4 protein chains.
Amino acid sequence: MGHMAANRDQLLARTRRIAGQVAAIERAIANEAGCAAILHQVAGVRGAVAGLMDELIADHLQSHVVAPGLSDAERAQGGEELLAAIRRYAR
Amino acid sequence: MGHMAANRDQLLARTRRIAGQVAAIERAIANEAGCAAILHQVAGVRGAVAGLMDELIADHLQSHVVAPGLSDAERAQGGEELLAAIRRYAR
Amino acid sequence: MGHMAANRDQLLARTRRIAGQVAAIERAIANEAGCAAILHQVAGVRGAVAGLMDELIADHLQSHVVAPGLSDAERAQGGEELLAAIRRYAR
Amino acid sequence: MGHMAANRDQLLARTRRIAGQVAAIERAIANEAGCAAILHQVAGVRGAVAGLMDELIADHLQSHVVAPGLSDAERAQGGEELLAAIRRYAR
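Along each chain, residue indices are assigned from 1 in the same order as the chain's sequence is written. Whichever chain is written first is A, and whichever ligand is written first is 1; the rest continue in order. Totals for whole chains, interfaces and linings use every residue, but because this is a predicted model, local features are given only for residues with pLDDT of at least 70 and side-chain atom pairs only at 80 or more, for both listing and counting. By convention in this description, side-chain values take in all heavy atoms of the structure and omit both hydrogens and water.

### So, the overall build of chain A
Stage number 1. From N to C terminus, chain A includes three helices and zero strands.
Stage number 2. Helical segments are the DSSP runs of H or I of at least four residues, strand segments are the runs of E of at least two, and each set is numbered from the N terminus. Starting at the N terminus, the α and β elements of chain A follow one another as α-α-α.
Stage number 3. Only C-alpha atoms enter the radius of gyration; for comparison, a globular chain is expected to reach 2.2 Å times N to the power 0.38, where N is the number of residues. Its C-alpha radius of gyration of 17 Å places chain A more than 25% over the 12 Å reference for a compact globule of 91 residues.
Stage number 4. Looking at chain A alone, contacts between residues at least 24 apart form 51% of all its contacts between residues at least 6 apart.
Stage number 5. We get accessible surface area from the Shrake-Rupley algorithm with a probe of 1.4 Å; when it comes to residues, only the shown protein chains can shield them. Accessible surface for chain A amounts to roughly 3,900 Å². Of this, 52% is attributable to carbon and sulfur atoms. The contact definition used throughout considers only heavy atoms, calling two residues in contact when any of these lie within 4.5 Å.

Shown next as structure tokens:
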């Protein structure tokens, strides 16, 4: 991905936070925590995943579609990939 | 949660699968995989989290609202918790 | 639906507001308004539809699942209908 | 929006279909139709609104970000507008 190098650390930190939230849900289920609490934790993960997706979309748009110096064909491909991701995500 | 004991193993298996998907995203970012591929993986996690939420909501509805023998007060509380979770999730 | 009589007027008002928002989008497209503005209007309709769905779900849950005096079979059916709606909506 | 002229008729047809679905919900509420049926209709509108949004996003991306011949500043602005719409929509 190249362009991600710049904020790769930030993306990794976000992903690790999500991993931590998922591990907490696993423990909560194993320990038979109250299910209202577990529902809340899952809603939190959903928000964190949406935040990661948002950052990836912004990165992709910037680097593969908007960036000066790309060829028309590169922009067209970057745009197609973006739409495919949004469609799959929004379903 | 009690009622979850029945399908706790299934919920744990689902949660572990999500943990595995998140770990794969972390590796993909660390290895600078193509970002179209990463966007796809994140969309997959989103679907898996939605599936987990769906199962938790069905469990909660069954055990804390629908189940025969609950008191009116228990049903009212179970219903409130369910709405709170749906609202937070759907936002 | 019976139970909706109570807040039928409120649901109708919500629905008419959505109809008004959709009519405004139709005019904006016909008049070739800027597409950033149209995207914004569509996002607004999405929020309003989610609000209507939320109110309908809360009503249904209260009247067909939580309400004192329902039979076990009625609650079971009300719960099934609710899950079907949430699943279709969340997809 | 200019570029929309091409498929303005298609967008108008989509929007009118949504208006028809919303009008049907209004009648169903007024006539006290069963609430499972109404929940279903609202889920249908949500899908139709998502389809309209999807088409608008694809149009906007193509015309204001991907299209050959745009200036760097135009692409940057088109990209910002797109992200703002996706963020507001996905919330």
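### Details of the packing of helix α3 (residues 72–90) of chain C against helix α2 (residues 35–66) of chain D
Helix packing geometry: the angle between the two helix axes and the distance between the axes.
Stage number 1. Fitted lines through C-alpha atoms give the axes, limited to the stretch in contact for helices. The angle between two N-to-C directions lies from 0 to 180 degrees. Put simply, α3 of chain C and α2 of chain D touch, their axes get as near as 9 Å, and they point 5 degrees apart. It follows from the interaxial angle that α3 of chain C and α2 of chain D lie roughly parallel. Contacts between α3 of chain C and α2 of chain D involve E81, A85, R88, Y89 and A90 of chain C from the first element and A36, L39, H40, V42, A43, G44 and R46 of chain D from the second.
Stage number 2. Residue type decides the class: Asp, Glu, Lys and Arg count as charged, Ala, Val, Leu, Ile, Met, Phe, Trp, Tyr, Cys and Pro as nonpolar, and the leftover types, Gly among them, as polar. For the contact of α3 of chain C with α2 of chain D, the residue count by class is seven nonpolar, two polar and three charged. Each angle is binned into one of four classes, with values under 35 degrees roughly parallel, values over 145 roughly antiparallel, values of 65 to 115 roughly perpendicular, and all other values oblique.

### Digging into the interface of chain B and chain A
Stage number 1. Listed as interface residues are 43 residues of chain B and, on the opposing side, 43 residues of chain A.
Stage number 2. Simply put, the buried area is the total loss of 1.4 Å probe accessible area from both parts when two parts are fitted together. For the chain B and chain A pair, buried surface summed over both sides reaches about 3,900 Å², with 73% attributable to carbon and sulfur atoms.
Stage number 3. One side-chain nitrogen of Lys or Arg within 4 Å of one carboxyl oxygen of Asp or Glu is enough to make a salt bridge. Along the contact surface separating chain B from chain A lie four salt bridges.
Stage number 4. Ionic pairing is found between E26 of chain A and R16 of chain B, a salt bridge with its closest N-O pair at 2.9 Å.
Stage number 5. N or O atoms within 3.5 Å of each other form a polar contact, as long as, within protein, one can give a hydrogen and the other can take it, and as long as residues adjacent in sequence are counted only when both atoms are side-chain atoms. Linking chain B to chain A there are eight residue pairs in polar contact (both at pLDDT 80 or more).

### Focus on the relation of the copies chain B and chain A
Stage number 1. All copies are superposed by least squares; the fitting set is the C-alpha atoms of residues with a pLDDT of at least 70 in both. For the pair chain B and chain A, the relating rotation is 180 degrees, the translation along its axis is 0.0 Å, and the fit reaches an RMSD of 0.0 Å. One copy is carried onto the other by what is essentially a two-fold rotation axis.
Stage number 2. Both copies share a contact surface, since 100% of the interface residues of chain B are interface residues in chain A too.

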